[in-house]
Amino acid sequence: MAPEIKSVAIIGAGAAGAVAAAAFRAENYYDRIKVFERRESAGGSWIYDADPRPHPPLQPGKLAEDVDPPLKIPDLDLRVPKAAPPNQQERYSQTPVYNNLTTNVPHIAMSFSDRTFAYGPFPPHYIPRQYIEDYFSHHETDRFLSLNTTVEDVSKIPPTEKGGQQRWKLTLRKYDPLQHIDLWWEESFDAVIIATGHYSVPCIPSVKGLEEYIQKYPGRVIHSKPYRSPHIYTSKRVLVIGNQASGHDISNELVTTAKLPVYQSRRSPGLWDGDSPPPGIEWKPVVEEYIPSTGRILFSDGTYLDDVDTVIYCTGYQVSFPFWNAAHNGQELWDPKDKKLIKGYWHTFFQDFKNLAIIGLPRTLTFRSFEYQAIALARLWSGRNKVDLPPLEQQEKWERDRLESKKREGKRFHDIPWDDGETFAWLEGLFEIAGLGTLKGDGMIPPVLGKEVVWAIEHLRKYPRPERGKDGKMAGDVEGADEDKDWVLVERTKKDSLAFI
């Protein structure tokens, strides 16, 4: 029998937190819903920090648990709020949004089903930020928000009686800018949803000589997270590491200001790479070694660069849950080796904790997929779900089989491709759990994945992909494309339609 859940804590007020709050309010079942957000407003990773300084120190090869450790909790009775000196530890709360960033998913597919973006198809970064804030107001869930509030610890509360329900204790910290103090307190909930995203803690690979190079030349090596504009790199010699979305964007921006060529280090061809680099860019292989004594950078093909002014690592982010009290809760949440949830199911649920869930982890149809997860959870925890989760043995088998198949394919556990039907199957599973709500209209209804959304995903591209068909024509070279637009219409290609996310 599922535990009775009447109070829910949502960690994070980005897109995942926004739709979770809406879904749980619409269920008209829960007594208490709270959304804890460490920033000053809702918006999540779409909040723009014009000045990202100071840059957190880079730690090559270090895992998130070392880079972003838990904050020490004051030894105080926190049943009522207590004041303490303000925290000085880096919490990685600033976002990676740069000046010219736009979405890379068509707005019709990215926005939630009940409210679209102001315009599209690939609007600038402030549109999704405004959209998330407005979504809270539209659903009257802004009253659930606790802003400037960081969840520093999540610990399970054992049942008070045999057969009773396990609950969760959250330790919270809120900075008071008037008194320049941190206020600490505790709150308890029947269930917790993690909606924190995964674009906070930079991932810097371990490279021979890199740590010493960073120490010898402070500020020369950065991660793309604090990058904002190409203008501060005017006439600079720049090396960009990586060729996924941010590496592609930043390299192309730097061509307008930096000393040419802009060097781009690639492990393999990217989605937008053709047979030769674009004008102003020179491709290099992976960096093999940094020579601190001379500043030289050696590449795997034996070539090298001297007198590089800036190295920008566009190498992604690490998943981090510093608030999860693994020692108290009896297990970790994340396996950094296999890059997956530990004992998770369907990228949303936890096998050992029926009242804990996560929204927004898979790399797939962002925003819209969160809606399916949120509605399924709201329905499941209210006991109004159409379909139950499978028995524990089947959940374990799903995890075991998926890990084995993804390792065999050389793919990541939580990547859900579109073109082979896996995205549809995943969303349909959540759709089946949720059902249609009540006859009286309680509960949000999972959206239909309509023809217009499917067409947009498969045919609208922020950038053309330089793949060649049988006729030798690039896939992005579509007759009739409007050169004045900053997006293109393409034919279906062999690459997965959501591989760019």
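Structural data are supplied above this passage.
Residues numbered from 1 in each chain as written. Predicted model: local features only at pLDDT ≥ 70, side-chain atom pairs only at ≥ 80, totals over all residues. Heavy atoms only, no water.

## A short note on the layout of surface pockets
Worth spelling out the cut-off: Grid points spaced at 1 Å over the protein atoms alone were grouped into cavities, where a 1.4 Å probe fits but cannot get out, and pockets, open sets with protein on both sides within 12 Å along at least five of seven lines, with lining residues defined by an atom within 4 Å of a point. Grid points are joined across faces, edges and corners, and a volume is the space filled by probe spheres set on the points. Every helix listed is a DSSP run of H or I at least four residues long, and every strand listed is a run of E at least two residues long, numbered separately from the N terminus.
Roughly 960 Å³ of volume is contained in the second largest pocket. Lining the second largest pocket are 40 residues, and of these Glu90, Arg91, Tyr92, Ser93 and Gln94 lie nearest its centre. For the lining of the second largest pocket, the secondary structure elements donating two or more residues are strand E6 (167-176) and strand E10 (221-223).

## Focus on the pairing of strand E14 (residues 287-291)
Defined as follows: Only protein chains enter the accessibility calculation, which uses a 1.4 Å probe; a residue whose area is less than 20% of its type maximum is buried, one above 50% is exposed, and one in between is partly exposed. A strand pair is defined by DSSP finding two or more bridges across the two strands.
Across the 5 residues of E14, 4 count as buried, placing the element largely inside the fold. Pairing geometry for E14 and strand E15 (residues 296-299), over 4 bridges, is antiparallel. Across the sheet, Glu289 pairs through a bridge with Leu298, a residue of E15. As consecutive antiparallel partners, E14 and E15 are separated by 4 residues, and within that stretch Gly295 has a phi angle of approximately 85°, a positive value.

## Here we look at the sheet that holds E14
Hydrogen bonding along the main chain pairs the strands of a sheet, whether they run parallel or antiparallel. Taken together, the 3 strands give an open sheet; going across it, the order is E14-E15-E16, and neighbouring strands pair in antiparallel fashion. Each end of this open sheet is capped by a strand with a single partner; those strands are E14 and strand E16 (304-305). By the bridge criterion, 2 bridges tie E15 to E16 in an arrangement that is antiparallel. Along E16, the bridge assignment pairs Ile297 with Leu305.

## A few points about the sheet that holds E6
Put simply, the test is: Axis geometry follows a simple rule: fit a line to the C-alpha atoms, using only the stretch in contact for helices, then measure angles between N-to-C directions, giving values from 0 to 180 degrees.
Here we have 4 strands laid out as an open sheet, ordered E3-E7-E6-E5, and antiparallel in their pairing. Pairing within the sheet leaves two strands with one partner each, and these edge strands are strand E3 (82-84) and strand E5 (149-157). Across the sheet, the mean angle from the axis of one strand to that of its neighbour is 25°, orientation sign disregarded. Both E6 and strand E7 (residues 181-189) contribute to a ladder of 9 bridges, which runs antiparallel.

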